[in-house]
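Coordinate analysis (summary)
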Amino acid sequence: MKAAYYTGDQSFTIREDQPKEPQAGEARVKIAYCGICGTDLHVYHGAMDARVTTNRVVGHECSGIVDALGEGVEGFEVGDQVVIRPLASCGECPACKKGYTHVCQKLKFLGLDTEGAFQQAWTLPANTLHKVPADMRLDFAALIEPTAVACHDVARANIQPGEDVLVIGGGPIGLLVAMVAKQAGGNVVVSEVSEYRLGIAEKLGFKTLNAMKVNVAEEVWKMTGDKGAEVVFEVSATQPGVDTMTEAAAVRGRIVMVGIIGGRKPEVDLFKFFWRELQLLGARVYEAADYEKAIELIVSGAIDCETLITDIQELEDITKAFQALDGNATAMKSLIKCS
Ligand SMILES: [Zn+2]
Ligand SMILES: [Zn+2]
């Protein structure tokens with residue numbers, strides 16, 4: 001079988017590997033599609049070499065078919081269509097004991113800290129699998145992982161029907177957050193700087209604000225009758241986005257930090273937290289329930305997968321796919337067809 005190894009410095013090498021036999025508690029999944037995540041792009045640029053090494057199969061936004069099962073695995077059969085929740089928690093730390101296994105203090109992320117999905121068959125712990133319907137399109141199923149991220153973000157915000165919601169940043173995750181928030185009953189507006197992405201947000205039926213042309217917070221106050229947004233998702237990972245999140249939030253508003261800001265720490269206007277009794281919520285990856293919700297939303301058609309998937313390439317062309325996605329303002333989600 002073929003496997004694409006990240007071999008450092010914006011390159012992948014395709015190798016012929018022997019599929020691994022699943023051990024007790026493991027499953028082997030024939031990978032159908034795997035999406036390229038922003039994190040994978042960081043890997044590609046060498047920003048995570050210390051963690052990932054320069055000899056690893058990465059990738060984690062995948063769908064596939066159960067190919068073989070190790071001893072003691074229950075609830076799955078060979079031939080089942082599945083997706084993978086790529087987390088390995090220790091089960092013993094204080095966070096795990098409290099039930100927060102997705103933010104385990106020794107959490108391993110599969111496809112970064114271990115091998116991942118850009119290969120034709122992946123052998124991994126069976127407790128990471130979620131079954132999807134037998135007739136579900138596996139290209140759409142590859143969007144379950146990023147949709148689960150959005151489901152977790154929206155669950156953290158605890159959106160109530162009719163609440164005004166601002167999503168800052170209209171990339172793939174921002175638009176998924178917007179779609180899930182709308183399903184939860186939110187009255188959603190998306191702000192973005194790219195005309196192209198604004199066009200996609202509008203095509204998906206959202207009100208939009210062009211952050212290059214208008215003061216987003218002022219517009220939100222106008223649109224909400226001088227109330228502000230009850231819920232703000234900061235997905236842009238930029239200082240202007242962080243400024244807008246506190247400016248646009250209503251009294252007692254909840255702000256969810258979705259965009260990961262590495263390097264320089266952003267400046268946050270803490271005065272606004274005092275003045276309007278705001279809440280700031282962290283959100284990291286997903287829990288099993290977020291996966292089930294994501295599966296339900298994609299199966300029901302509430303998530304427009306067709307619009308979000310803008311490119312599909314063969315595994316052999318993975319370097320080309322990363323090159324094409326890199327810095328491309330018109331791309332949303334790129335998938336790799338593994339087998
Ligand atoms: Zn991802
Ligand atoms: Zn743990």
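Note that the structure is a prediction, hence the values are computed from the model and not measured. (Residues numbered from 1 in each chain as written. Chains lettered and ligands numbered in written order. Predicted model: local features only at pLDDT ≥ 70, side-chain atom pairs only at ≥ 80, totals over all residues. Heavy atoms only, no water.)

Some details on the coordination of the zinc ion (ligand 1)
Stated formally: The donor definition counts N, O and S atoms within 2.8 Å of each metal and applies 3.2 Å to Na, K and Ca; water is not among these atoms, so some sites may look incomplete. Each residue gets one of three labels from its accessible area relative to the maximum for its type: buried under 20%, exposed over 50%, partly exposed in between, using a 1.4 Å probe on protein chains only.
Looking at the metal site, the zinc ion (ligand 1) is ligated by Cys37 (SG), His60 (NE2) and Glu61 (OE), spaced 2.1 to 2.8 Å from it. When the donors of the zinc ion (ligand 1) are listed by position in the chain, the intervening gaps give C-x22-H-E. Taken as a pair, His60 and Glu61 share a single burial class, namely buried.

Notes on helix H5 (residues 144–157)
What counts is decided by this rule: Only DSSP runs of H or I covering at least 4 residues are called helices, and only runs of E covering at least 2 are called strands; the numbering of each starts at the N terminus. A helix is expected to reach a length of 1.5 Å times the quantity of its residues less one.
If you check H5, its first and last C-alpha atoms are 20 Å apart, about what 14 residues at 1.5 Å a residue would give, namely 20 Å. Of all the positions in H5, only Ile144, Glu145, Pro146, Thr147, Ala148, Val149, Ala150, Cys151, His152, Asp153, Val154 and Ala157 are classed as buried. Trailing H5 by a residue or two, Asn158 shows a phi angle of about 50°, which is positive.

Things to note about the pairing of strand E16 (residues 309–314)
Which entries qualify depends on this criterion: Following DSSP output, two strands are said to pair if at least two bridges run between them.
By the bridge criterion, five bridges tie E16 to strand E17 (residues 333–337) in an arrangement that is parallel. Bridge assignment links Glu314 to a residue of E17, and that residue is Lys337.

Overview of the coordination of the zinc ion (ligand 2)
How we decide: Think of it this way: with four donors and all angles in the 85 to 135 degree range, the site is tetrahedral; with four or six donors, opposite ones beyond 155 degrees and the rest between 65 and 115, it is square planar or octahedral; otherwise it is irregular.
Within the first shell, the zinc ion (ligand 2) binds the protein through Cys90 (SG), Cys93 (SG), Cys96 (SG) and Cys104 (SG), at distances of 2.3 to 2.4 Å. Geometry at the zinc ion (ligand 2) is tetrahedral, judged from the four donor atoms that bind it and their angles of 104 to 120° at the metal. On the basis of relative accessibility, which here comes to 3%, the residue Cys104 falls in the buried class.

Quick look at the domain arrangement of the protein chain
Interface size is commonly expressed as the accessible area that is lost once the parts come together. The line we're drawing: These domain boundaries are the output of an automatic or database domain assignment. Only heavy atoms enter the contact rule, under which two residues are in contact if any of them lie within 4.5 Å. Two parts placed together each lose some accessible area under a 1.4 Å probe, and the buried area is that loss summed for both. Throughout this description, the term salt bridge denotes a Lys or Arg side-chain nitrogen within 4 Å of a carboxyl oxygen of Asp or Glu. Under this definition, polar contacts are N or O atom pairs within 3.5 Å; protein pairs additionally need one hydrogen-donor-capable and one acceptor-capable atom, and for neighbouring residues in sequence, both atoms have to be side-chain atoms.
We note that the domain assignment places domain 1 (2–143 + 303–337) and domain 2 (150–282) within the protein chain. Between the C-alpha centres of domain 1 and domain 2 the distance comes to 29 Å. Listed per partner, the contact involves 10 residues of domain 1 and 14 residues of domain 2. Across the interface of domain 1 and domain 2, roughly 1,000 Å² is buried in total on both sides, 75% from carbon and sulfur atoms. Here domain 1 is connected to domain 2 by zero salt bridges. The tally of links from domain 1 across to domain 2 stands at two residue pairs in polar contact (both at pLDDT 80 or more).

Observations concerning helix H6 (residues 172–183)
End to end, H6 covers 17 Å across 12 residues, agreeing with the expected 16 Å (1.5 Å per residue, within 8%). A large share of H6 lies buried, amounting to nine of its 12 residues. For H6, every residue scored as buried is listed here: Pro172, Gly174, Leu175, Leu176, Val177, Ala178, Met179, Val180 and Ala181. Two residues or fewer past H6, Gly185 is found with a positive phi of approximately 105°.

Let's talk about the nonpolar core
Selection rule: Put simply, buried Ala, Val, Leu, Ile, Met, Phe, Trp, Tyr and Cys residues joined by side-chain atoms within 4.5 Å make one nonpolar core.
The biggest cluster of nonpolar side chains holds 98 residues, and the ones touching the most others in it are Phe118, Leu129, Ile144, Val167, Leu175, Phe233 and Ile303. Residues lining this core come from more than one domain, with at least three contributed by each of domain 1 (2–143 + 303–337) and domain 2 (150–282). Sequence-distant contacts of Phe233, that is, excluding residues within four places in its chain, are made with Asp153, Val154, Ala157, Ile159, Val165, Leu166, Val167, Ile168, Val177, Ala181, Val256 and Val258.

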